[in-house]
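# Coordinate analysis (summary)
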Amino acid sequence: MEKMNTQFVGRVYGVKGQIVLVHCESDYRPALGELLTAETVQTALLEVHAYTRRDMLSCLLLSSKEDLARNMRIVTTGGTLSVPVGKEVLGRAINLYGHPVDGGADLTREKTRPIHPTAQKNTLKKHRPRRLLETGLKIVDLFTPIIEGGRLGLVGGAGVGKTALMTEMIRNLNKTHPGITLFTGIGERIREGYELWELLQKTDALSKTALIVAHINENAAIRFKVAAAAATVAEYFRDEEHTDVLFFADNIFRFVQAGNELSTLLEEIPSEFGYQSTLQTQIAEFENRLVSTPANSITSIQTVYVPADDLSDPAVAAAMPYFEALMVLSREQSQEGRYPAIDILKSKSSALDRSYIDERHYKVVTAGIEALHQYERLARIATIIGESELSAQDRVVYERAMRLRNYMTQMTVTAESQTGVPGVFVTRDDAIADVEAILGGKFDEIPPDRFMYIGTTKDLIGNNA
């Protein structure tokens, strides 16, 4: 928070959840986004959100409502909510205000930046480098590859492995990515943030990583604003430190949900499906800050919770157009014990183009998707009349597709503590070669079940790979 000379604004008129009504009693009218505080309680923080009347302010409460009382005098700080930036945030976990939540010492706050974007940053030319990132996850690198400077969405319902998959990507990408990593937790569980913190410590990746979190137990205003704070830190490293950024956000739906809670408290007219009327604008303001410049990139990987597994939910549908790669996690695959539980046929990536991937990769992906389509058709027939009733040719196609589906399962390092089985990192080249061999019939004599949770086909016992 940038402190300046305070000036009297008015008094607290009422408090409705995270919304504080302030009656203006002076000639001074604070600007939208300006930070206010109580004259006698400096820990009370209010951000001007809207004018409901010429002399009545609706403010977002960014602190505890126990600090406020009716008729309390409110003054302006003369500044806006700011977050510390620079190398001192690396290796630290902080909250919206820049206060540490990792038990460490306070930050010096030598450099701070307002969390709201400037017009100049919103007009940056988007740049899409051609380099592919390698996550070490077979199903990701083969079917939904990620472009440096692009956006990836992990979309799925509760309990299908979105956060676990993101955590594995953080671990693997951190090893080879030359820039810094920024993680923002938007309304997620405290346990998940702590587990990520421990993982980063164990893998010696914490020194190049910053975490900004607002947990699910915090009020809606804080959960809503933490996304802007994280975007500000990412912009700083991109523009002023000239560093490439890996940006992880968990969870975009919680960001939308927090905005919806605030909209309800502000008594704004909702849209047809009950969400805030500003839903599209709020997502656009956040996503459009995570762009790359010709010099440096921001690669963004974000999870999106899907209420009731309904991909047509307005909050989910509003976020999807911003992702260049989309991984749809399937509850059916999760219930079958197939992890990562990604539905290949519903997922997509703009990198599946000859301008990004080589000809061999392109042909393998095309053949793999065709085999999976055939599997879906034949599986319905086999369920009704039995696999033995399929023609010899169809049975070969069916079993090769089963081997492919099983091969795409993979043990991860982040799940080792739960499974007791070591995780594996599989290169893209190995995955392409293995799938090419599977679809080419090299392993037709090996039962499909043997392909579950192997690393590469070299792990098969008793084969000629």
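For the structure, check the block above.
Overview of the structure. None of the values given here were measured: they were computed from a predicted structure.

### Points about the sheet that holds strand β4 (residues 45-53)
Pairing within the closed barrel is antiparallel, and its 6 strands lie in the order β1-β2-β5-β4-β3-β6. Neighbour-to-neighbour, the strand axes of this sheet turn through a mean angle of 45°, independent of strand direction. Bridge count between strand β2 (residues 19-24) and strand β5 (residues 56-61): 5 bridges; the pairing is antiparallel. Paired with His23 across the two strands is Met56, which belongs to β5.

### Here's the deal with the pairing of strand β3 (residues 34-38)
Most of β3 is tucked away, with 5 of its 5 residues classed as buried. Here β3 shows no split at all, with Glu34, Leu36 and Ala38 on one side and Leu35 and Thr37 on the other all buried. Relative to strand β6 (residues 73-80), β3 runs antiparallel, the two sharing 4 bridges. The residue bridging Glu34 from the neighbouring strand is Thr80, located in β6. In this sheet, β4 lies alongside β3 in antiparallel orientation, the contact comprising 3 bridges. Its bridge partner lying in β4, Leu36 is registered against Leu46.

### Re unusual backbone geometry
Between Tyr339 and Pro340 the backbone carries a cis peptide bond, its omega angle lying at -5°. Mapped onto the elements, Pro340 comes out in the loop between α9 (331-335) and β18 (348-349). With a phi angle near 55°, Arg109 is a residue other than glycine that sits in the positive phi range. By secondary structure assignment, the location of Arg109 is in the loop between β8 (93-94) and β9 (112-114). Assessed through its relative accessible area of 26%, Arg109 is described here as partly exposed. A positive phi angle, close to 55°, is found at Ala308, a residue other than glycine.

What counts, and where the lines are drawn
Here the residue index of a chain counts from 1 through its sequence in written order. Given that the model is predicted, a residue must reach a pLDDT of at least 70 before its local features are reported, and side-chain atom pairs must reach 80 or more before they are shown or counted; all residues, however, enter totals for whole chains, interfaces and linings. Side-chain metrics in this entry use all non-hydrogen atoms of the structure; hydrogen atoms and water are not considered. If DSSP finds at least two bridges between two strands, the strands pair. For the purposes of this entry, the term helix denotes a DSSP run of H or I that reaches at least four residues, the term strand denotes a run of E that reaches at least two, and both are numbered from the N terminus. Axis angles are defined between N-to-C directions and span 0 to 180 degrees, where every axis is a line fitted to C-alpha atoms and, for a helix, only to the segment in contact. Burial classes follow relative accessibility: with a 1.4 Å probe on protein chains only, a residue under 20% of its type's maximum area counts as buried, one over 50% as exposed, and anything between as partly exposed.

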